[in-house]
Amino acid sequence: MEPQHEERRLTTILSADVVGYSRLMGADEAGTFAQLKSHRKELLEPKTAEFSGRLVKLTGDGSLMEFGSVVDAVNFAVDVQRALAERNAQVPEDRRIIYRIGINIGDIIVDGDDIYGDGVNVAARLEGLAEPGGICISQQAFDQVETKLDLAYQDLGEQHFKNIARPIRVFQIVLKPIKDRTPESVKKLSTGLPDKPSIAVLPFANMSGDPEQEYFSDGIAEDIITELSRLRWFYVIARNSSFSYKDTNVDIKQVGRELGARYVLEGSVRKAGNRLRITGQLIDTASNRHIWADRYDGALDDVFDLQDQITRSIVQAIEPSFLAAESERAHRTRPENMEAWDLTIRALPYLWKMSEAAFDEARILLERAIDLDPRYARAYSVLSMVICWKATNGWSDTPFDDYAEADRYALKSIELDPVDPWPYAMRSFDLVAMGEHDRAVVQARHAVALDPNCVLSRISLGNALLFARDGEGALAEIERVQAQSPRDLWVFLFQLYRGAALAAIGRHAEAAQALEQSVAVRPDFRVAQTLLACTYVFLDRLEDAQTTVVTLLRLVPNESINAIRARRIIRAPRYLDALRKAGLPEA
């Protein structure tokens, strides 16, 4: 007798569950049950029919459903959550029926009217991850709805679920604007990493007695940040925020509070000739307890091995069970010439200055690094950034040629080191400048997938989404960056992008506030001044717009509509018309 063939099919599975059902039933069994029946009859059943869904089964307070289209499933979930929020507005908080919803696309086993399989299990795990009143969807579902629905999404990264063999990348649907925009609230919503150890790496002290070696100790700390960022189950505070404590007497508990860091790594570097001594100590910010401390000695040529030893020690101290797999997965392409690495880390501080002279100095150092080691990938990616951003800021006579040159350097870096997120992020900036917005989004998403902790990757994605006309998505990415790096030296840049995203979705008053903060930090930041003038026009604050243009022309006497259009940073006709109204000359 031949075995019976299983019926299988690919479908969209939706799992929903009531938050705190046992507590609700314990407090008011009859009232809770009546509410639940009312919601099912008046809301869930009509919505299921409207979006061609099928109720597979009820599981007490939960529901398992099937949809032929993931778009229908997401529309159903969004409508239900919004309607429930309205229905709950008149109900005391401790009596409200609130659902979590998870949606997955997967292969299922069909048994009569019931369904089973991994696809169902993943949907249930996604539902458990969702916030009360929220919706989480898998990568497969996200890929189908991203460009089809007018929604914003927040990337929660890869999640490891119980009894699911592979990690699942998860996205949360943003149902409404976040009213509480403090860094802490945004971080809580956007990072989705409650179980990940958060760590800040403070700048290492230079113990060499030579102030000229300061860059070297900074480079050691920066490389450790990069390596920790590659371990996806760490939440790593961005370099610029942790480095804001440089040359200060820090209180570790205060650092933990201000950065949201559970652990802090601090250390020192002593360089004498060809010999190195690196010390490090890992501190629990809540208890101020030293978890681990050690000293590493070696030759200059051993610097990367010493950094890897420190990274492994941190991982072993915090979460040893992940060490083998994650340390093996983390990878970097090392330079063949140590002087090339030295020149590249010397160039990095010039990027934070964001000035024409600083970019020129950085380019000289990077070109020397490439001459010494033509296969050092990171030198090419940083040079790509320097060229692109110099053109973006108007410090080029041939911006379009420069964007193409920057893109060639980014491609070369990818060829040499395809797992480094920087060149993909830089390609995204280059492609935006060249008008290829959809390709730019793809490159930026790949950069984020390689390193979800990389601030540059997140900024590039926010920028690409902004030009791809997804203002909500751009805003979510920028606010995630702000949460990850609350004391960043690039805060003026973050506020620029936040202001641009807010303006794109019509929240002009908030946009003006963000842009005003940007120019308050960097009055010479011409892009922010330009966008602020536009935003004032949209708010009918013509006098403020004209004053801003006067300031802009004082900074850049030859600025004009044509010059801005040539740089391809502001292209929308309504923005160019706003600049004309504000008094910016055509040529």
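Just so it is clear, the structure is predicted and the values come from calculations on it, not from any experiment.

A count of helical and extended segments in the protein gives 25 helices and 14 strands. Out of the 587 residues in the protein, the part that is buried amounts to 57%. Residue pairs in contact within the protein that sit at least 24 positions apart in sequence constitute 67% of those at least 6 positions apart. Counting every atom, the protein has about 25400 Å² of accessible surface; 49% of that belongs to carbon and sulfur.

Another point: the environment of Glu42. Counting through the fold element by element, Glu42 comes out in helix 2 (residues 29-50). In terms of polar contacts, Glu42 uses its side chain to reach the side chain of Arg87, at 3.0 Å.

Moving on to the packing of aromatic side chains. Under the counting rule described, the total for this entry stands at 9 aromatic pairs. Between Phe142 and Tyr153, the ring centres sit 5.1 Å apart and the planes meet at 90°, which makes this aromatic pair edge-to-face. One end of the pair, Phe142, is in helix 5 (residues 139-145); the other, Tyr153, is in strand 7 (residues 152-159), with 11 residues separating them in the sequence. As far as the burial class goes, Phe142 and Tyr153 line up, both buried. For the ring pair Phe538 and Tyr575, a centre distance of 5.1 Å and an interplane angle of 85° mean the geometry is edge-to-face. Remark: Tyr575 occurs in helix 25 (residues 573-582) and Phe538 occurs in helix 22 (residues 526-538); sequence separation between them is 37 residues.

Most of strand 7 is tucked away: 7 of the 8 residues are buried. Judged from the 7 bridges that link them, strand 7 and strand 8 (residues 168-174) form a sheet pairing that is antiparallel. Each residue of the ladder has a partner; that of Gly157, found in strand 8, is Val170.

Counting residues in hydrophobic clusters, the biggest one holds 122 residues, and the most contacted among them are Trp389 and Trp490. It is helix 14 (residues 377-392) that provides the largest number of residues to this core, a total of 11 residues. The contact partners of Trp490, leaving out residues within four places of it in the chain, are Asn240, Leu351, Trp352, Met354, Trp389 and Ile459. Membership of the second largest hydrophobic core comes to 37 residues, among which are Met25, Leu36, Val78 and Leu84.

Bringing the side chain of Ser268 into the picture now. Structurally, the position occupied by Ser268 is in strand 12 (residues 263-272). Judged by relative accessible area, Ser268 falls into the buried class, the value being 14%. Among the polar contacts made by the side chain of Ser268, one reaches the side chain of Thr279 at a distance of 2.6 Å. In this structure, Ser268 is in contact with Phe204, Ala205, Met207, Arg277, Ile278 and Thr279, ignoring residues within four places of it in sequence.

Scanning the model with the defined rule gives 31 salt bridges in all. Of the charged contacts, one joins Arg526 and Glu559 as a salt bridge, the two residues approaching to 3.0 Å between their closest N and O atoms. Note that Arg526 is positioned in helix 22 and Glu559 in the loop between helix 23 (542-555) and helix 24 (561-567), a separation of 33 residues in sequence. Overall, the relative accessible area of 1% leaves Glu559 in the buried class. Here the salt bridges do not stand alone but share partners, grouping Arg9, Arg54 and Glu66 into one network.

Per-residue confidence for the protein gives a mean pLDDT of 82, with 90% of residues at or over 70. Per-residue pLDDT stays below 50 along residues 177-195; that stretch engages in 40 contacts with residues further than four places along the chain or on separate chains. In the predicted structure, residues 319-331 sits below a pLDDT of 50 and forms 21 contacts with residues beyond four places in sequence or in another chain.

Turning next to the pairing of strand 8. Within a regular strand, side chains alternate between the sheet's two faces. The element strand 8 is largely enclosed, with a buried count of 7 among its 7 residues. Of the two faces of strand 8, the one carrying Ile168, Val170, Gln172 and Val174 and the one carrying Arg169, Phe171 and Ile173 are both buried. In this structure, strand 6 (residues 135-138) lies alongside strand 8, joined through 3 bridges in antiparallel fashion. When the bridges of strand 8 are listed, Ser138 appears paired with Val170.

Our next topic: unusual backbone geometry. For Arg469, which is not glycine, the phi torsion reads 70° and is therefore positive. Topologically, Arg469 is positioned in the loop between helix 18 (455-467) and helix 19 (471-484). Of note, the phi angle at Asp540 is positive, near 60°, even though the residue is not glycine. With respect to the secondary-structure elements, Asp540 resides in the loop between helix 22 and helix 23. Under the relative-accessibility criterion, Asp540 is labelled exposed at 71%.

Let's shift gears to helix 16 (residues 421-433). Relative to the 18 Å expected for 13 residues at 1.5 Å per residue, helix 16 spans 19 Å between its end C-alpha atoms, a close match to the ideal helical length. Most of helix 16 is tucked away, with 13 of its 13 residues classed as buried. A positive phi of about 85° marks Gly435, the residue just after helix 16.

Right, let's get into the packing of helix 13 (residues 356-372) against helix 14. Packing of helix 13 against helix 14 brings their axes to within 9 Å, and their N-to-C directions diverge by 150°. When the axes of helix 13 and helix 14 are compared, the pair comes out roughly antiparallel. Once helix 13 is placed against helix 14, the crossing between them reads as left-handed. Residues Glu356, Phe359, Asp360, Ala362, Arg363, Leu366, Glu367, Ala369 and Ile370 of helix 13 pack against Ala379, Tyr380, Val382, Leu383, Val386, Ile387, Trp389 and Lys390 of helix 14. The residue inventory of the contact of helix 13 with helix 14, partitioned by class, reads 12 nonpolar, no polar and 5 charged.

Conventions and cut-offs
- Residues numbered from 1 in each chain as written.
- Predicted model: local features only at pLDDT ≥ 70, side-chain atom pairs only at ≥ 80, totals over all residues.
- Heavy atoms only, no water.
- Helix = DSSP H or I, 4+ residues; strand = E, 2+ residues; numbered from the N terminus.
- Buried < 20%, exposed > 50% of the residue type's maximum accessible area, 1.4 Å probe, protein only.
- Contact = heavy atoms within 4.5 Å.
- Areas by Shrake-Rupley, 256 points an atom, 1.4 Å probe, with all protein chains shown as cover.
- Polar contact = N/O pair within 3.5 Å; in protein donor to acceptor, adjacent residues only side chain to side chain.
- Phe/Tyr/Trp six-rings, centres within 6.5 Å; stacked < 30°, edge-to-face > 60°.
- Pairing = 2+ DSSP bridges.
- Core = buried A, V, L, I, M, F, W, Y, C linked by side-chain atoms within 4.5 Å.
- Salt bridge = Lys/Arg side-chain N within 4 Å of Asp/Glu carboxyl O.
- pLDDT = per-residue confidence, 0-100.
- Expected span 1.5 Å × (residues − 1).
- Axes fitted to C-alpha atoms, helices over the stretch in contact; angles between N-to-C directions.
- Parallel < 35°, antiparallel > 145°, perpendicular 65-115°, else oblique.
- Left-handed = near helix turned anticlockwise from the far one by under 90°.
- Nonpolar A, V, L, I, M, F, W, Y, C, P; charged D, E, K, R; others polar.

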